[in-house]
Amino acid sequence: MSAKSAINKEIFAPNDERMLGAVQVKRRTKKKIPFLATGGQGEYLTYICLSVTNKKPAQASITKVKQFEGSTSFIRRSQWMLEQLRQVNGIDPHRDSPEFDLLFENAFDQWVASTASEKCTFFQILHHTCQRYLTDKKPEFINCQSKIIGGNSILHTAADSVTSAVQKASQALNERGDRLGRAEEKTEDMKNSAQQFAETAHKLAMKHKC
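Residues numbered from 1 in each chain as written. Predicted model: local features only at pLDDT ≥ 70, side-chain atom pairs only at ≥ 80, totals over all residues. Heavy atoms only, no water.

Put simply, the rule is: UniProt positions are given in the numbering used here, feature names are shortened, and annotations may be inferred rather than shown by experiment.
The protein carries the name Syntaxin-binding protein 6 in an unreviewed UniProt entry, which gives Phrynocephalus forsythii as its organism. Quoted straight from UniProt, the Subunit (unreviewed entry) entry for the protein says "Part of a ternary complex containing SNAP25 and STX1A that can be dissociated by NAPA and NSF. Interacts with STX4A." According to UniProt, the comment filed for the protein under the heading Function (unreviewed entry) is "Forms non-fusogenic complexes with SNAP25 and STX1A and may thereby modulate the formation of functional SNARE complexes and exocytosis."

**Looking at the overall build of the protein**
The line we're drawing: In this description a helix means any DSSP run of H or I spanning at least four residues, a strand means any run of E spanning at least two, and both kinds are numbered starting from the N terminus. When checking whether two residues touch, look at their non-hydrogen atoms; a contact exists if any pair is within 4.5 Å.
Counting its regular elements, the protein contains four helices and eight strands. Its helices and strands taken in sequence order, the protein reads α-β-β-β-β-β-β-β-α-β-α-α from the N to the C terminus. Across the protein, contacts joining residues at least 24 apart in sequence account for 55% of those joining residues at least 6 apart.

**Notes on the nonpolar core**
Among soluble globular proteins, nonpolar side chains are generally buried collectively. What counts, and what does not: The set of buried Ala, Val, Leu, Ile, Met, Phe, Trp, Tyr and Cys residues whose side-chain atoms join them within 4.5 Å is what this entry labels a nonpolar core. Partly exposed describes any residue whose relative accessible area lies between the buried limit of under 20% and the exposed limit of over 50%, with all areas from a 1.4 Å probe on protein chains only and scaled to the type maximum.
Ranked by size, the top nonpolar core spans 25 residues in total, and within it I48, I62, L82, L85, F100, L102 and L126 carry the most contacts. Contributing elements (two or more residues each) for this core: β1 (17–27), β2 (44–53), β3 (60–68), β5 (85–89), β6 (99–104), β7 (108–113) and α2 (116–133). Among the elements that line this core, the one with the most residues is α2, at six residues. When residues no more than four places from it in sequence are discounted, the contact partners of I62 are I48, C49, L50, S78, Q79, W80, L82, L85, F104 and L126. Core analysis: the second largest hydrophobic core is formed by 10 residues, I7, I11, V65 and F74 among them.

**Here we look at the sheet that holds strand β4 (residues 75–81)**
As a reminder of what qualifies: Pairs of strands are assigned from DSSP output, requiring at least two bridges between the strands. Each axis is a line fitted through C-alpha atoms, and for a helix only the stretch in contact is used; angles between axes span 0 to 180 degrees, taken between their N-to-C directions.
Reading across from one edge, β4-β3-β2-β1-β7-β6-β5-β8 is the order of the eight strands in this open sheet, with mixed pairing throughout. Pairing within the sheet leaves two strands with one partner each, and these edge strands are β4 and β8 (140–142). Averaged over all pairs of adjacent strands, the angle between their axes in this sheet comes to 30 degrees, without regard to strand direction. With nine bridges joining them, β2 and β3 adopt antiparallel strand pairing. Counterpart to C49 in the pairing with β3 is T63. Strand contacts of helix α1 (residues 3–12): β1, β2, β3 and β4, with the helix running at about 120 degrees to β1, the strand carrying the most contacts. Strands β1, β2, β3, β5, β6, β7 and β8 of the sheet are contacted by α2, whose axis makes an angle of about 135 degrees with β1.

**Some remarks on the packing of aromatic side chains**
Here is the rule we go by: For Phe, Tyr and Trp, rings pair up if their centres lie within 6.5 Å, where Trp contributes its six-membered ring, and each pair is then called stacked (planes under 30 degrees apart), edge-to-face (over 60) or tilted (otherwise).
Counted under the stated rule, the structure contains four aromatic pairs. Seen in terms of ring centroids, Y44 and F68 are 5.4 Å apart; in terms of plane orientation they differ by 65 degrees. Their pairing is edge-to-face. With Y44 in strand β2 and F68 in strand β3, this pair connects stretches of sequence that are 24 residues apart. We classify Y44 as partly exposed; its relative accessible area is 29%.

**Digging into the environment of S146**
Mapped onto the elements of the fold, S146 is located in helix α3 (residues 146–149). Classification of S146 by relative accessible area gives exposed; the value is 54%. A sequence separation of 52 residues divides S146 from H94, and the C-alpha atoms of the two residues are 9.0 Å apart.

**What about the pairing of β2?**
When you tally the buried positions in β2, you get eight out of 10 residues, the bulk of the element. Linking two consecutive strands that pair antiparallel, namely β2 and β3, is a turn of six residues.

**Observations regarding the side chain of S51**
With respect to the element layout, S51 can be found in strand β2. Ignoring sequence-local partners within four residues, the contact set of S51 consists of F12, E17, R18, M19, L20, Q59, A60 and S61.

**A look at the pattern of salt bridges**
Defined as follows: Salt-bridge detection follows one rule: a side-chain nitrogen of Lys or Arg within 4 Å of a carboxyl oxygen of Asp or Glu.
Counted according to the given criterion, the structure contains seven salt bridges. For the salt bridge of E105 with R86, the shortest nitrogen-to-oxygen distance reads 2.4 Å. Residue E105 is found in the loop between β6 and β7, and its partner R86 is found in strand β5; the two are separated by 19 residues along the sequence.

**What to know about unusual backbone geometry**
Here K56 and P57 are connected by a cis peptide whose omega angle stands at -5 degrees. One non-glycine residue, D16, lies in positive phi territory at about 60 degrees. Within the fold, D16 resides in the loop between α1 and β1. Of note, the phi angle at K137 is positive, near 55 degrees, even though the residue is not glycine. By secondary structure assignment, the location of K137 is in the loop between α2 and β8.

Set out below in structure tokens:
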């Protein structure tokens, strides 16, 4: 089981939530944290997770989850409602960068994702979630590449693929309809020709009979 699947199962599922996405991070600028604040457990991995409640109306939140060295379990640390997110800073809109900042009402963190690709995927999911679950006070996305909040995101690509498939199916049906229409026209022409031939043959037969 992957770390993200384990986080969803251990942290979110018991609270009737489901995790939408997560990114493994490290701080760009280390904070001076007292030894006792970490419980003296040493090194740890940090994940920024995005989740939503299963109960309606759905509420989305961002949670900081840690896994200490030598432990297989995960610990929920800080959590913010999505409404508290004020700004998402992608740092550099011109190149793939693993660095980003998150500004909340009462907190500000500077992070480095494990990879630029993982950050990009998380940002795409985060942007889509903000559009879906927030009616007002949506966070500002700054210094982000167009593929994150534009038409080239994985979510838009999936939607475009579905739209393309529907268009192709519609075109195929239209072409089939055109072929059926032409076939019906040919059948009608053959029917009329046969009827005219029968009438002509009948007239000729009556003429010779007389």
